[in-house]
Structures are given as structure tokens and as C-alpha cells.
There are 4 protein chains.
Amino acid sequence: MADSLVHSSDPLHPANHICELCRKFYTFGWVTGTGGGVSIRHGDNVFIAPSGVQKELMQPTDLFVMEYESKKYLRRPPVLKPSACTPLFMAAFEKRNARCCIHTHSQWAVLVTLISEAGQQGADRNVFSISEIEQIKGISRGGAGSDEIAEGGRKIGNLGYFDTLRIPIIENMAHEEDLRETLEAAIEEWPETCAVLVRRHGLYVWGKDVAQAKTQCESLDYLFQLAVEMHRLGLKWVK
Amino acid sequence: MADSLVHSSDPLHPANHICELCRKFYTFGWVTGTGGGVSIRHGDNVFIAPSGVQKELMQPTDLFVMEYESKKYLRRPPVLKPSACTPLFMAAFEKRNARCCIHTHSQWAVLVTLISEAGQQGADRNVFSISEIEQIKGISRGGAGSDEIAEGGRKIGNLGYFDTLRIPIIENMAHEEDLRETLEAAIEEWPETCAVLVRRHGLYVWGKDVAQAKTQCESLDYLFQLAVEMHRLGLKWVK
Amino acid sequence: MADSLVHSSDPLHPANHICELCRKFYTFGWVTGTGGGVSIRHGDNVFIAPSGVQKELMQPTDLFVMEYESKKYLRRPPVLKPSACTPLFMAAFEKRNARCCIHTHSQWAVLVTLISEAGQQGADRNVFSISEIEQIKGISRGGAGSDEIAEGGRKIGNLGYFDTLRIPIIENMAHEEDLRETLEAAIEEWPETCAVLVRRHGLYVWGKDVAQAKTQCESLDYLFQLAVEMHRLGLKWVK
Amino acid sequence: MADSLVHSSDPLHPANHICELCRKFYTFGWVTGTGGGVSIRHGDNVFIAPSGVQKELMQPTDLFVMEYESKKYLRRPPVLKPSACTPLFMAAFEKRNARCCIHTHSQWAVLVTLISEAGQQGADRNVFSISEIEQIKGISRGGAGSDEIAEGGRKIGNLGYFDTLRIPIIENMAHEEDLRETLEAAIEEWPETCAVLVRRHGLYVWGKDVAQAKTQCESLDYLFQLAVEMHRLGLKWVK
């Protein structure tokens with residue numbers, strides 16, 4: 001069962017790190033009732049939290065380990081099922097050179113997609129936009145890569161206070177794996193986004209490492225919650 | 001006092017498991033002020049949290065233990081009173097072959113029964129319905145049993161994204177034990193439900209094991225909270 | 001400094017118990033920014049949390065100890081000031097034979113007094129009333145005493161589901177000690193209440209022991225929060 | 001690297017204290033996604049949390065240490081960047097003789113600046129005002145200094161229940177360091193304030209020691225949250 005792949009005394013080993021992140025995300029309401037997930041790409045391998053496991057109780061031995069290039073599983077815990085998010089995590093790794101991808105079922109994420117769906121904050125139902133909130137500066141352009149100038153001359157680094165944050169929204173489908181096509185299309189259509197919202201479902205967000213993915217996830221969730229509160233107060237998300 | 005029934009070093013022994021669940025549920029606001037409860041059926045016995053005890057301080061020695069078939073108590077802690085939920089837990093065990101039943105006083109559960117009572121989300125006051133929210137997939141059809149096809153050809157497994165979740169609502173009564181009749185009637189009338197809401201009171205939810213009962217309880221509470229937020233935003237629960 | 005009065009290895013010794021309760025209450029938002037307090041009457045003495053101390057950091061050596069009959073301090077930590085709630089705690093001990101009194105600055109308590117003040121839930125601005133919510137059964141009649149029939153034939157025990165919970169509201173004043181008169185008047189005018197709300201300030205609640213005071217405080221705070229949510233949804237507190 | 005500056009077994013050593021405060025503030029949603037910060041002035045030095053670090057994971061070795069008089073860094077962790085709040089912390093230290101300054105991205109702080117911006121609670125968009133809420137008594141006049149009478153005869157000590165709390169609001173800018181001028185102007189224009197709100201950004205609050213800064217930050221955040229709830233209920237902040 002290749003247990004050596006998931007055994008380490010280093011708390012930052014992906015197998016330990018995923019469990020610690022899941023415990024934290026559970027307290028935020030992001031991975032309630034076995035929803036949501038985390039994946040870390042490390043060296044040649046990808047570590048993925050399984051489907052249907054209580055996230056706050058996860059153990060390193062629950063993790064699936066896949067070889068990134070071949071997409072073959074090096075470790076498959078018996079009894080457990082691979083995460084349905086796996087193709088979506090892979091999309092972020094491949095298209096953004098990300099090293100960590102997080103999927104949450106945050107209620108705030110779901111609510112902003114519902115407000116958008118109802119056209120309550122503007123005509124474009126397929127994007128969440130917000131401007132001039134300081135926390136926007138916690139979001140990077142694209143969410144991975146390095147500090148060099150990217151192709152096409154697009155800007156690198158984080159958004160500025162006067163920038164408008166735009167996160168695309170794709171429609172949910174009956175089966176999570178079927179989201180891969182539209183998720184990849186959104187990633188390509190929105191080169192500056194580090195995340196994609198899934199209507200009535202939640203959020204996918206990635207980063208060049210765990211710290212970036214996790215802190216961006218926090219900043220996005222903060223902005224989603226603030227947006228719902230602003231909406232209740234009759235305030236516009238984009239000035 | 002048959003302490004051996006509740007003493008074990010195994011954290012998954014029902015006596016330990018109930019205490020751990022209660023500590024967790026207390027942080028969710030589900031078992032505030034001694035309300036709510038948990039029961040686990042294990043082997044020949046049923047383990048039940050007592051009435052009137054602070055749930056986050058519960059100890060294995062506080063538990064009542066009943067022999068399932070005879071309904072006789074094998075262990076009755078002195079001073080403490082048996083849970084008033086006991087007949088309701090038994091209804092879930094008997095009618096659904098459940099192994100764990102959870103009762104919460106979640107405010108979100110109470111609020112959706114109030115919104116329904118006021119007819120604010122449709123004409124049927126006696127059922128909570130919601131559709132097309134991803135978290136619905138965390139709810140099973142019936143909440144117990146196995147993976148084989150059930151009698152009558154009804155579907156097994158969890159709900160799908162395009163299914164409508166329906167949870168029956170029964171009226172509260174002066175004494176909790178008196179709910180047994182209407183709870184059993186609801187269980188029979190709604191073969192696909194894994195839970196019953198009690199108006200102005202809370203939720204009963206069961207599962208084939210602790211994991212299913214607990215994760216379904218989480219998913220339901222998430223959906224109740226989301227439903228209240230959606231209602232505040234003027235959004236319909238059923239598309 | 002009579003340290004022996006506050007040193008014990010028993011977690012239920014009042015000096016330890018008050019600190020543990022304060023840590024818990026801090027997480028509920030009840031004792032934010034040094035507001036709120038707890039007092040336990042034990043044997044011949046009264047143990048009181050001091051004024052101006054961060055409640056979640058409290059140590060047994062921070063406590064004041066007063067002899068109940070003489071009202072003389074047996075222990076006064078240097079530097080610290082006695083709690084301004086002291087006369088109010090004493091009112092509950094003397095008039096209700098209580099053994100524990102809790103004072104919170106819960107925002108839910110403040111909000112229900114504001115809704116009442118604005119006449120938004122009925123004509124009587126000086127009482128918080130709510131009926132037919134199961135959690136009401138967590139509230140006792142009077143909050144102290146024993147199981148015998150009280151003078152005047154008033155009923156003993158907890159409220160029933162069909163009873164209406166009524167908590168009197170008194171007006172706040174510039175100095176907390178000045179509330180003593182109106183608090184005592186409310187206690188006398190409302191023999192069945194175990195608590196008094198102070199407008200724009202918070203809640204005083206007592207019990208025959210710590211468990212009753214603490215669980216009633218939880219149930220009341222639950223009902224206050226639920227009441228605010230019900231009010232936002234346009235629902236009446238009293239059916 | 002002058003590690004001796006940040007190594008101590010004393011939990012109240014600024015290097016340890018800042019980390020402990022950050023862990024606590026993270027749970028309040030004040031320092032989400034690396035936003036916010038804390039600085040403590042101790043002896044001849046100033047200890048400052050760095051930019052871009054996950055606040056709940058901070059270690060003493062992450063801290064910058066600056067000599068107060070010369071403004072020269074005695075310790076600069078490699079890789080990390082100094083906090084952009086540094087000039088703003090220094091403004092509080094210099095103009096108020098403060099010893100601790102806290103910066104939060106609290107959503108409640110942001111929301112009250114948005115309600116004010118929209119003129120929804122009165123004509124003065126550049127100040128947050130609230131009166132007759134008991135928690136106001138947790139706020140000092142000025143937030144530092146001592147108990148002697150200040151120059152100009154202004155009152156010392158905390159606000160009273162019948163006082164009106166007024167916190168100035170300054171406009172946010174693209175770069176945090178650029179806020180120094182307007183922050184200093186607000187500090188001078190409002191000699192009784194212990195804090196300044198930054199529109200769409202958050203809060204700066206200081207105190208004569210950590211306890212005062214931290215407890216005032218708690219009381220302000222309580223008042224901001226209460227103000228948002230009051231506003232939703234159609235209630236005026238100033239009676």
C-alpha cells in the first residue's frame with residue numbers, strides 16, 4: 001500500500017499538511033458533510049484527499065497518491081473512493097502550473113453565485129465582481145507561476161486596491177467530474193483568475209504553493225461573505 | 001452499575017463516541033442548554049445520552065444503556081433521567097434499521113420550520129424542500145440499510161444534484177415522548193427521508209452508522225442555514 | 001492575601017470554575033473587552049471575577065472573595081478593582097437564594113432590548129416575551145430554590161412548551177452599581193423570572209447552582225438570537 | 001540575525017505575545033489571508049509582525065525589530081517583507097505615546113465605513129458614531145497616556161454610558177504606507193479617539209499597553225458588529 005508515500009514526521013509533508021488544512025477548513029464550514037477537498041502537488045506526485053471522508057478526521061493513510069506525469073495511482077486506500085474533484089485539481093495543476101488546489105462548499109461562495117444568477121448585482125450573471133475593498137490585495141493574478149513577466153505581457157503579482165476582482169462562475173452539473181471542460185474553458189478565458197466559482201456548489205482556487213492557495217481561499221471567502229452583507233445593505237459590489 | 005458497559009479505551013466505543021460527538025455538536029449550537037441528544041445502537045445494546053446534562057461535559061459514566069430487543073435498561077446512572085428522545089431514537093432504529101440517531105435544536109432547523117409555517121416559501125407548510133444545491137448530494141435516501149435494491153424498487157444511495165430534497169415537518173407537542181406517533185407516521189409516509197423536522201423544536205436525523213448520521217446532520221444543517229440566507233435574499237428554495 | 005481561599009486542585013472549586021466559565025463565555029462573545037462577569041456562592045463565601053480583567057485569561061488569584069453574611073472582603077487582589085456587578089450578584093443571591101449569577105454583554109440580549117424599545121414586537125417595551133419554541137423548556141421558574149412548592153402556590157420546575165417566557169427589561173444607568181434598585185424591583189415584581197435584561201447593556205441570570213445558571217444563560221441567549229432572526233423574517237415572537 | 005531579540009521563555013515577551021495575539025485574532029476574522037497586523041513597543045525597541053505571513057502560524061523568528069528612536073532595523077528576517085503598516089504603527093506610538101497598535105481587516109469595521117459612506121446613518125460620512133450602548137465604556141479617551149489630567153483639560157479615563165463614541169474614518173489609498181499623513185491628521189484632529197477607521201479597509205487601534213489595545217479592539221469590533229445589526233433592524237446608532 002506504499003505507506004511510505006504518506007508517512008513523515010514533517011508537518012509540511014503533503015500527507016500531513018492536507019490533514020491539517022482539512023481540520024482547519026472544517027471549522028470554517030468549507031468542507032461540511034464530506035464536501036470539498038484539497039490536493040497538493042509535490043515532487044513527481046499528487047496527493048489528494050479522498051471522497052466521502054469526514055475532513056476533520058482525515059489521516060495521512062486516507063490519501064490517494066498519483067504520479068503526476070502518468071496519472072497512475074501509486075497509492076489507493078482500500079474501501080475509499082478517489083475524490084470526484086481529481087480532474088478539476090489536475091486542470092489547475094496543468095493549466096496554471098499550480099502546486100495546491102482547494103475546493104470548498106463555502107455558503108458564502110454559493111450565495112454570491114445565487115445573487116449573480118438572480119441578476120441582483122448587475123447584468124453579468126457569469127462573473128462575481130467586486131472593487132475597492134482592501135482585501136482584494138490578497139488575491140494574485142492567476143495564482144501560480146513566478147515573478148517574471150508572463151507571456152502576452154499580462155501583469156504579475158497581486159491585485160491592487162483600485163483593481164476590480166473578477167471571478168468567473170460556471171454552471172454546476174450532475175457529476176463533479178463533468179465540470180472539467182467548463183472549468184478548463186474558464187481558466188483559459190480568464191488568465192488572471194486564480195479561482196472559479198461553481199454555481200450553487202462552491203469554489204475552486206489554486207496557488208503556486210499551499211500558502212498562496214490557502215491565503216487566497218481565505219481572502220476570497222472573506223470577500224464573498226462581505227459581498228453578501230453588502231448586498232443585504234443595498235450596497236453595490238462594484239463602485 | 002455495569003460500568004464495564006461504558007468503559008473502553010477505544011475512542012469509537014459508543015460510550016466514548018457519544019461524548020466526543022456531543023462536544024463537537026455543542027460547538028455547532030446544536031445541543032445548547034442541555035437540549036438535543038445522540039443515541040448509538042451497537043451490538044445488542046443501545047447507548048443513549050441522558051436528559052439534562054451539559055452535553056460538552058458528558059462522560060461515558062453518564063450514559064444509559066438499554067438492551068435493544070427487550071427495551072430493558074442494563075445501566076441507569078443514579079440521579080440522571082433517561083433522555084426524553086428515547087422513544088424517538090427507537091423509532092429510527094426500528095423503522096429504518098438505523099444504527100445512530102441524532103437530535104439537534106439547531107436554530108437553522110427551527111427557522112426553516114417557521115418560514116414554512118408562515119407559508120413564505122410555498123403552499124406546503126409541512127415539508128422543507130430545496131433543490132439544485134450541491135450539498136444535497138450529502139443526503140442519502142432513507143439513511144440506513146444497505147446498497148442492495150430496496151423493496152418497492154425505490155432508489156438507493158444518495159440524492160443527486162437535480163433531485164429535490166424533501167424533509168417532512170411534524171408539529172411539536174408539550175412532551176417530547178408524545179412525538180413518537182407522528183414521527184413514526186412521517187417515517188412511514190416518507191420512505192426516502194433520513195430525517196424529520198419538528199416545528200419550533202429541531203431535527204431528528206439517523207444513519208446506518210455514526211458517520212452517515214453525523215455527516216447527514218451536517219449537510220442538513222448547512223442546507224437549513226443556506227435556506228434561511230436564501231430566503232432573506234428573496235430567493236426560492238426550489239428552482 | 002488568603003491565597004488558600006482560591007487554591008485548589010478541584011476543577012469545580014469556585015475559583016477554578018469561574019475561570020473555566022469565563023474562558024468558555026469569552027468564545028461566545030458574552031464577556032468581550034472585559035465586560036460581563038460571574039459570581040459563585042459557595043459555603044460561607046462569595047467568589048467574584050474582578051472588573052477590567054480579560055476574562056479568557058483569568059486566573060484563580062484574580063478573584064475577590066467576600067464573606068456572604070458580613071459582606072466583608074476576605075481577599076482583595078492588589079491592583080484589581082471589585083466587579084461593579086457585585087451588588088447585582090448579591091441581589092440574586094439574597095432574593096432568589098441563588099448560588100451562581102452570570103452577567104453577559106451578549107449582543108443578542110442587547111438587540112432584543114432594542115427591538116422591544118422600538119416597539120417592534122408589541123406594545124410592552126419593558127419585557128421580552130416569546131412562546132412556543134422548544135428551547136423555552138430549558139428555563140426554570142425563578143431559577144433557584146428547591147423542588148418543593150413555593151409560597152403563594154407558584155409552580156416550580158421548568159417552563160413548558162406552551163408557556164410564554166417573559167424576561168423583564170430594566171433601563172440602563174450610567175453606573176452599574178446604580179442598577180441594584182431596579183434590578184431588585186424587577187426580581188420582586190417577576191417571581192417566576194430567573195433573569196433580568198438591562199436595556200442596551202446585557203443580561204443578568206442566576207441559578208441554584210452553576211449548572212442551572214450556565215445552562216439557562218445558554219438557553220436564553222439561544223432564544224434571544226432566534227428572536228432576532230425571527231424578527232428579521234417578519235415573524236412574531238408570541239404566537 | 002539577532003535571534004536573542006526574539007527568544008524568550010516569557011509568554012509576555014513581545015515576540016511571543018504578538019504570535020499569541022495573532023493566533024487569537026485569526027479566529028476572530030481580523031487577520032484573514034495575511035491581512036492586518038500587530039506591533040508592540042517594548043523598552044527601546046519596536047516589534048512588528050511581518051507582511052504576507054499567515055498570522056495564525058507566526059513564529060517569534062518571523063518578527064522585525066526596530067530601534068524606536070533611530071528607526072533602524074535591528075532584526076530583519078530574510079525572505080520576509082516589513083509590514084506595510086509600520087509607518088501607521090509608528091504614528092500611534094509617536095502621537096499617542098502608545099505601546100501597542102493593532103490593525104484589523106474586520107468585516108464589521110469595513111461595513112460600518114460602507115454604511116457611513118452611503119450616508120445611511122446620518123450626514124457625516126467621515127465618522128462612526130454610536131451612543132448609549134454599555135460596551136462604549138470599554139473605550140478609553142485617547143488610548144494611551146496616564147491617569148493625570150491631560151493638557152487642554154481634556155478628560156482622562158474611559159467613555160461613559162451617556163457619551164457618544166466617535167471614531168474618525170479616513171479614505172483608503174492604493175498603498176498602505178500612504179495612509180500615514182491622513183492617519184496622523186485624524187489622530188491630531190480627534191484627541192479623544194483611540195482608533196481610526198480606514199474606509200473599505202479596516203481599523204487601527206492603539207493602547208498604553210497590550211491589554212488596553214486588545215480589549216479596546218474587542219469592544220470596538222463588538223460595537224461595529226452591533227451597529228451593523230442595529231442598522232439592519234432600522235435602528236439609529238445615535239439616540
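Please read these numbers as outputs of a predicted model, since none were measured by experiment. (Residues numbered from 1 in each chain as written. Chains lettered and ligands numbered in written order. Predicted model: local features only at pLDDT ≥ 70, side-chain atom pairs only at ≥ 80, totals over all residues. Heavy atoms only, no water.)

## Quick word on the overall build of chain A
Convention followed: A run of H or I in DSSP counts as a helix once it spans at least four residues, and a run of E counts as a strand once it spans at least two, with each numbered from the N terminus. Residue contacts are counted whenever heavy atoms from the two residues lie within 4.5 Å of one another. Neither His nor the chain termini are counted; the positive set is Lys and Arg, and the negative set is Asp and Glu. For this purpose, a charge sits on NZ of Lys, CZ of Arg, CG of Asp or CD of Glu.
Of regular secondary structure, chain A possesses five helices and nine strands. Of the regular secondary structure in chain A, the N- to C-terminal order runs α-β-β-β-β-α-β-α-β-β-α-β-β-α. Taken along its principal axes, the extent of the C-alpha atoms in chain A is 55 × 40 × 30 Å. If you take every contact in chain A between residues at least 6 apart in sequence, the share linking residues at least 24 apart comes to 65%. If the 26 positive side-chain charges of chain A are averaged to one point and the 30 negative ones to another, these points end up 2 Å apart.

## Quick notes on the domain arrangement of chain A
Residue and element names in this part refer to chain A. Under the convention used in this document: For every domain, the bounds stem from an assignment made automatically or drawn from a database. By buried area we mean the combined loss of accessible area, with a 1.4 Å probe, across both parts when two parts are placed together. What counts as a salt bridge is simple: a side-chain nitrogen of Lys or Arg found within 4 Å of a carboxyl oxygen of Asp or Glu.
When its domains are assigned, chain A resolves into domain 1 (1-83) and domain 2 (94-239). Of note, the centres of domain 1 and domain 2, computed from C-alpha atoms alone, are 24 Å apart. Taken together, the contacts link 17 residues of domain 1 with 16 residues of domain 2. Summed over both partners, the interface of domain 1 with domain 2 comes to about 1400 Å²; 58% of that surface belongs to carbon and sulfur atoms. Taken together, the connections running from domain 1 to domain 2 amount to one salt bridge.

## Observations regarding the UniProt feature "binding site: Zn(2+)" (unreviewed entry) in chain A
How we decide: UniProt positions are given in the numbering used here, feature names are shortened, and annotations may be inferred rather than shown by experiment. Only protein chains enter the accessibility calculation, which uses a 1.4 Å probe; a residue is then buried when its area is under 20% of its type maximum, exposed when over 50%, and partly exposed in between. Residues adjacent in sequence count toward polar contacts only when both atoms are side-chain atoms; beyond that, a polar contact is any pair of N or O atoms within 3.5 Å, and within protein one must be able to donate a hydrogen and the other to accept it.
The positions that UniProt labels "binding site: Zn(2+)" (unreviewed entry) are, in the present scheme, A:His103, A:His105 and A:His201. For this annotated set, covering 99 residues, all C-alpha atoms fall within 9.9 Å of each other, a compact arrangement in space. For A:His103, a relative accessible area of 0% translates into the label buried. Those residues in contact with A:His103, other than ones at most four positions away along the chain, are A:Val31, A:Gly36, A:Gly37, A:Cys85, A:Phe89, A:Glu176, A:His201, A:Leu203 and A:Tyr204. Side chain to side chain, A:His103 and A:His105 meet in a polar contact 3.4 Å long. By secondary structure assignment, the location of A:His201 is in the loop between strand 8 (195-198) and strand 9 (202-207). Not counting chain neighbours up to four residues away, the residues in contact with A:His201 comprise A:His103, A:Thr104, A:His105, A:Val110, A:Asn172, A:Glu176, A:Leu179, B:Glu134 and B:Tyr222. For A:His201, the side chain forms a polar contact with the side chain of A:His103, separated by 3.1 Å.

## Some remarks on the environment of C:Tyr26
Along the polypeptide, C:Tyr26 turns up in helix 1 (residues 14-27). According to the relative accessible area criterion, C:Tyr26 is buried, its value standing at 10%. The sequence separation of C:Tyr26 and C:Gln54 amounts to 28 residues, and the corresponding C-alpha distance is 9.0 Å. Sequence-distant contacts of C:Tyr26, that is, excluding residues within four places in its chain, are made with C:Val31, C:Glu56, D:Lys24, D:Phe28, D:Lys214 and D:Glu218. At 2.6 Å, the side chain of C:Tyr26 forms a polar contact with the side chain of D:Glu218.

## Points about the state of the cysteines
Put plainly, two cysteines are in a disulfide when a covalent bond ties their sulfur atoms together. Condition: Throughout, disulfides are identified as pairs of cysteine sulfur atoms within 2.5 Å of each other.
Within the structure shown, the criterion is met by zero disulfides over all chains. There is no disulfide at B:Cys22, and the cysteine sulfur nearest it, in B:Cys19, is 6.7 Å away. According to the relative accessible area criterion, B:Cys22 is buried, its value standing at 0%. For D:Cys100, which is in no disulfide, the shortest distance to another cysteine sulfur is to D:Cys101 and amounts to 7.2 Å. Taking relative accessible area as the criterion, D:Cys100 reaches 0% and is therefore assigned buried.

## Brief notes about the interface of chain D and chain A
Counting residues at the interface gives 28 residues for chain D and 24 residues for chain A. Summing the contributions of chain D and of chain A, the shared interface buries around 2200 Å²; its carbon and sulfur component is 55%. Joining chain D to chain A, the criterion identifies four salt bridges. Put simply, A:Lys214 and D:Glu56 hold a salt bridge, and the shortest N to O gap is 2.5 Å.

## Some words on the pairing of strand 3 (residues 64-67) of chain D
Residue and element names in this part refer to chain D. To keep things clear, this is the line we draw: What makes two strands pair is DSSP finding at least two bridges between them.
Both strand 2 (residues 45-48) and strand 3 contribute to a ladder of four bridges, which runs antiparallel. When the bridges of strand 3 are listed, Phe47 appears paired with Val65. Here two bridges tie strand 3 to strand 4 (residues 73-75), and the two strands are oriented antiparallel to one another. Each bridged residue has a counterpart across the sheet, and for Met66 the counterpart in strand 4 is Tyr73.

## Focus: the pattern of salt bridges
Summed over all chains, the structure comprises 72 salt bridges over all chains. Here A:Arg180 makes a salt bridge to A:Glu94, at a shortest N to O gap of 3.0 Å. Note that A:Arg180 is positioned in helix 4 (residues 180-189) and A:Glu94 in helix 2 (residues 86-96), a separation of 86 residues in sequence. Residue C:Arg141 pairs with C:Asp163 through a salt bridge whose shortest N-O separation is 3.0 Å. One end of the pair, C:Arg141, is in the loop between strand 6 (127-131) and strand 7 (164-170); the other, C:Asp163, is in the loop between strand 6 and strand 7, with 22 residues separating them in the sequence. Salt bridges linked by common partners bring A:Glu229, A:Arg232, B:Glu229, B:Arg232, C:Glu229, C:Arg232, D:Glu229 and D:Arg232 together as one network.

## A few points about the sheet that holds strand 7 (residues 164-170) of chain B
All names here are of chain B. This is how the line gets drawn: To obtain each axis, a line is fitted to C-alpha atoms, and for helices this fit is confined to the stretch in contact; angles are then taken between N-to-C directions over 0 to 180 degrees.
Taken in spatial order, the nine strands line up as 4-3-2-1-5-9-8-7-6 in an open sheet, and their pairing is mixed. Here the strands that pair on one side only, and so sit at the sheet edges, are strand 4 (73-75) and strand 6 (127-131). Strand-to-strand, the axes of this sheet are offset by a mean angle of 20 degrees, without reference to chain direction. This element, helix 1 (residues 14-27), spans strand 1 (37-42), strand 2 (45-48) and strand 5 (100-104) of the sheet and lies at about 155 degrees to strand 1. Here helix 3 (residues 107-117) sits on the sheet in contact with strand 6, strand 7, strand 8 (195-198) and strand 9 (202-207), set at roughly 70 degrees to strand 8.

## What about unusual backbone geometry?
The phi dihedral of B:Glu132 is positive, around 50 degrees, even though this residue is not glycine. Looking at the secondary structure, you find B:Glu132 in the loop between strand 6 and strand 7. Among the residues examined, B:Glu132 registers a relative accessible area of 17% and is labelled buried. A positive phi angle, near 65 degrees, is found at D:Lys71, a position not held by glycine. Checked against the element boundaries, D:Lys71 lands in the loop between strand 3 and strand 4.

## A word on the UniProt feature "active site" (unreviewed entry) in chain A
Mapped onto the present numbering, the UniProt feature "active site" (unreviewed entry) falls at A:Glu134. Locating A:Glu134 in the fold gives a position in the loop between strand 6 (127-131) and strand 7 (164-170). Leaving out residues up to four positions away in the same chain, A:Glu134 has contacts with A:Tyr161, D:His105, D:Asn172, D:Met173, D:Glu176, D:Arg200 and D:His201. Among the polar contacts made by the side chain of A:Glu134, one reaches the side chain of D:Asn172 at a distance of 2.7 Å.

## Notes on the arrangement of the chains
Taking C-alpha atoms only, the smallest gap left between chain A and chain C, which are not in contact, amounts to 12 Å. Between chain B and chain D there is no contact, and the shortest C-alpha to C-alpha distance separating them is 12 Å.

## A look at the sheet that holds strand 8 (residues 195-198) of chain D
All names here are of chain D. In spatial order, the strands read 4-3-2-1-5-9-8-7-6; together these nine strands make up an open sheet with mixed pairing. At either end of the open sheet lies a strand with only one pairing partner, and these are strand 4 and strand 6 (127-131). Each strand axis lies, on average, 20 degrees off the axis of its neighbour in the sheet, ignoring direction. Taken together, the four bridges between strand 1 (residues 37-42) and strand 2 define a ladder with antiparallel strand orientation. Residue pairing across strands places Ile40 opposite Phe47, the latter belonging to strand 2. Seen against the sheet, helix 1 (residues 14-27) touches strand 1, strand 2 and strand 5 (100-104) and runs at an angle of roughly 155 degrees to strand 1.

## Looking at the relation of the copies chain D and chain A
For the record, the criterion: To superpose the copies, least squares is applied to the C-alpha atoms of every residue with a pLDDT of at least 70 in both.
When chain D is fitted onto chain A, the two copies agree to an RMSD of 0.0 Å after a turn of 90 degrees and an axial shift of 0.0 Å. Within this description, the copies of the chain are treated as partners about a four-fold rotation axis. For chain D, the residue whose C-alpha comes nearest the rotation axis is D:Arg232, separated from it by 5.9 Å.

## What about the pairing of strand 6 of chain D?
Residue and element names in this part refer to chain D. When you tally the buried positions in strand 6, you get five out of five residues, the bulk of the element. Alternating positions in strand 6 separate into two faces, Val127, Ser129 and Ser131 on one and Phe128 and Ile130 on the other, with burial throughout. Bridge analysis of strand 6 against strand 7 (residues 164-170) gives five bridges, and the strand direction is antiparallel. Residue pairing in the sheet places Ser129 in a bridge with Arg166 of strand 7.

## Re the interface of chain C and chain D
To keep things clear, this is the line we draw: Each residue gets one of three labels, nonpolar for Ala, Val, Leu, Ile, Met, Phe, Trp, Tyr, Cys and Pro, charged for Asp, Glu, Lys and Arg, and polar for the others, Gly among them.
Chain C puts 28 residues into the contact, and the matching count from chain D is 24 residues. Taking both partners together, chain C and chain D bury about 2200 Å²; carbon and sulfur atoms supply 54% of that area. Scanning the region where chain C abuts chain D turns up four salt bridges. Residues C:Glu117 and D:Lys239 are paired through a salt bridge, measuring 3.4 Å at the closest nitrogen-oxygen approach. The interface formed by chain C and chain D includes 19 residue pairs in polar contact (both at pLDDT 80 or more). Every element with two or more residues in the side of chain C that touches chain D is listed here: helix 3 (107-117) and helix 5 (210-232) of chain C. Split into classes, the residues belonging to the side of chain C that touches chain D amount to ten nonpolar, twelve polar and six charged.

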